[in-house]
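For reference, the chains in residue letters:
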Amino acid sequence: MNPPSPPLEAAAAPILCTVDVVLLTLNPRLQVALLPRDRAPLAGALALPGGFIHADEDADPRAAAARMLRAKTGLDCPYLEQLATFGGPGRDPRGWSISVAHVALVPAGLLARGAAGLRWHPVDALPALAFDHAQIVAQAVARVRSKSQYSSLPVHLCGERFTLPQLQAVYEALLGEPLNKVSFRRRIDEMDLLEPIEGERTGGAHRPAQLWRLKDRRPGALTLTDRLLGPAVLAP
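Every value quoted in this text rests on a predicted model; they were computed, and no experiment measured them.

Caption draft 1: Geometry of the overall build of the protein chain. Counting its secondary structure elements, the protein chain contains four helices and nine strands. Traced from its N-terminal end to its C-terminal end, the protein chain shows the element sequence β-β-β-β-α-β-β-β-α-α-α-β-β. Counting across all 236 residues of the protein chain, residues that qualify as buried make up 43%. Here the analysis covers contacts within the protein chain between residues at least 6 apart in sequence; of these, 65% occur between residues at least 24 apart. Approximately 13000 Å² of the protein chain is accessible, and the part contributed by carbon and sulfur atoms is 54%.

And the structure:
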């Protein structure tokens, strides 16, 4: 007599896999883009732009995040990086889920191109958010402020053309402290990242300021975020 067959193992519940994007701008405070959810669960609650990864369309989580940004905010952001993965059985009432969170930066000058439903809120005065999105925003803000101490990340909040005082003001807004003008400009010059736009200055009768841009914008060329400014930026 053959022994009884072992019971069939129950099929595991599928894990929900999404991307969420912390889209930040400086206008004039650091702000994050939020959208009211248009479906259950938590319909009507404010949340980060995000959604499910499309296995037949997205090459990787970054591609999914870029697609989601375009679809939900109408923006192609000049800076997008993976932040962290958030997961667990309790973050979504639909079941065990993971979200590959990203952080994106957009200059304030591009905001008019965004979707009409976007709601911008200062990161230090957030309303109640769906799921664990408040935790994701906090980690993204900490990442941006940390990298602003040693890298060129803040330039992506400046737009295509900017003056050096504007660039320094962005650093100062993110870091929450003034920077020494001479030290700041010396480090910018040493890294050889920018070039003046010939014949273009800001308006004004008294010493108009030179406009600058990234030095090399060819495909594959290093961007500002590929090169470090170094800690001397904060030197007195």
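Caption draft 2: Up close: the nonpolar core. Core analysis: the biggest nonpolar cluster contains 39 residues, and Val22, Leu24, Val32, Leu167 and Leu194 have the highest contact counts within it. Elements with a contribution of two residues or more to this core: β1 (16-26), β2 (30-36), β5 (79-88), β6 (97-105), α2 (133-148), α3 (164-175) and α4 (181-191). The element contributing the most residues to this core is α3, with six residues. Excluding its chain neighbours within four sequence positions, the residues that come into contact with Val32 are Val22, Leu23, Leu24, Leu48, Arg119, Trp120, His121, Val123, Leu126 and Val137. Val21, Leu35, Ala104 and Leu118 belong to the second largest nonpolar core, which has 14 residues in total.

Caption draft 3: Here's a closer look at the confidence of the model for the protein chain. Residues at a pLDDT of 70 or more form 85% of the protein chain, whose mean pLDDT is 84. Scored below 50 in pLDDT, residues 217-236 shows 45 contacts in the model against residues more than four places distant or in partner chains.

Caption draft 4: Representation of α2 in the model. Between its first and last C-alpha atoms α2 spans 22 Å; for 16 residues at 1.5 Å apiece the expected length is 22 Å, and the two agree. Taken together, the buried positions of α2 are His133, Ile136, Val137, Ala140, Val141, Val144, Lys147 and Ser148. Along the long axis of α2, the arc covered by the buried residues comes to 140°, so they all point the same way. Buried residues in α2 make contact with β1, β2, β3 (46-47), β5, β6 and α3.

Caption draft 5: How the structure looks around the packing of α3 against α4. At a minimum axis separation of 11 Å, α3 and α4 run at an interaxial angle of 105°. Between α3 and α4, the angle is such that the two are roughly perpendicular. Contacts between α3 and α4 pair Leu164, Pro165, Leu167, Gln168 and Tyr171 from the former with Lys181, Phe184, Arg185 and Ile188 from the latter. Residue composition of the contact of α3 with α4, grouped by class: six nonpolar, one polar and two charged.

Caption draft 6: Quick peek at the pattern of salt bridges. If you walk through the whole model with that rule in mind, you get 11 salt bridges. With a closest N to O distance of 2.9 Å, Arg213 and Glu195 form a salt bridge. Here Glu195 lies in strand β8 (residues 194-201) and Arg213 lies in strand β9 (residues 210-214), a separation of 18 residues in the sequence. Since its relative accessible area comes to 34%, Arg213 is described here as partly exposed. Glu195 sits in the partly exposed class, given a relative accessible area of 23%. Shared partners join several salt bridges into a network, and the residues in it are Glu57, Asp58 and Arg67.

Caption draft 7: Geometry of the packing of α2 against α3. Orientation of α2 relative to α3, taken along the N-to-C sense of each, is 130°, at an axis distance of 9 Å. By the angle class used here, α2 and α3 are oblique. Between α2 and α3 lies a crossing whose hand is left-handed. Between α2 and α3, the contacting residues are Val144, Arg145 and Ser148 on the first element and Tyr171, Leu174 and Leu175 on the second. Residues belonging to the contact of α2 with α3 are distributed by class as follows: four nonpolar, one polar and one charged.

Reading the values: rules and limits
- Residues numbered from 1 in each chain as written.
- Predicted model: local features only at pLDDT ≥ 70, side-chain atom pairs only at ≥ 80, totals over all residues.
- Heavy atoms only, no water.
- Helix = DSSP H or I, 4+ residues; strand = E, 2+ residues; numbered from the N terminus.
- Buried < 20%, exposed > 50% of the residue type's maximum accessible area, 1.4 Å probe, protein only.
- Contact = heavy atoms within 4.5 Å.
- Areas by Shrake-Rupley, 256 points an atom, 1.4 Å probe, with all protein chains shown as cover.
- Core = buried A, V, L, I, M, F, W, Y, C linked by side-chain atoms within 4.5 Å.
- pLDDT = per-residue confidence, 0-100.
- Expected span 1.5 Å × (residues − 1).
- Arc of directions from axis to C-beta.
- Axes fitted to C-alpha atoms, helices over the stretch in contact; angles between N-to-C directions.
- Parallel < 35°, antiparallel > 145°, perpendicular 65-115°, else oblique.
- Nonpolar A, V, L, I, M, F, W, Y, C, P; charged D, E, K, R; others polar.
- Salt bridge = Lys/Arg side-chain N within 4 Å of Asp/Glu carboxyl O.
- Left-handed = near helix turned anticlockwise from the far one by under 90°.

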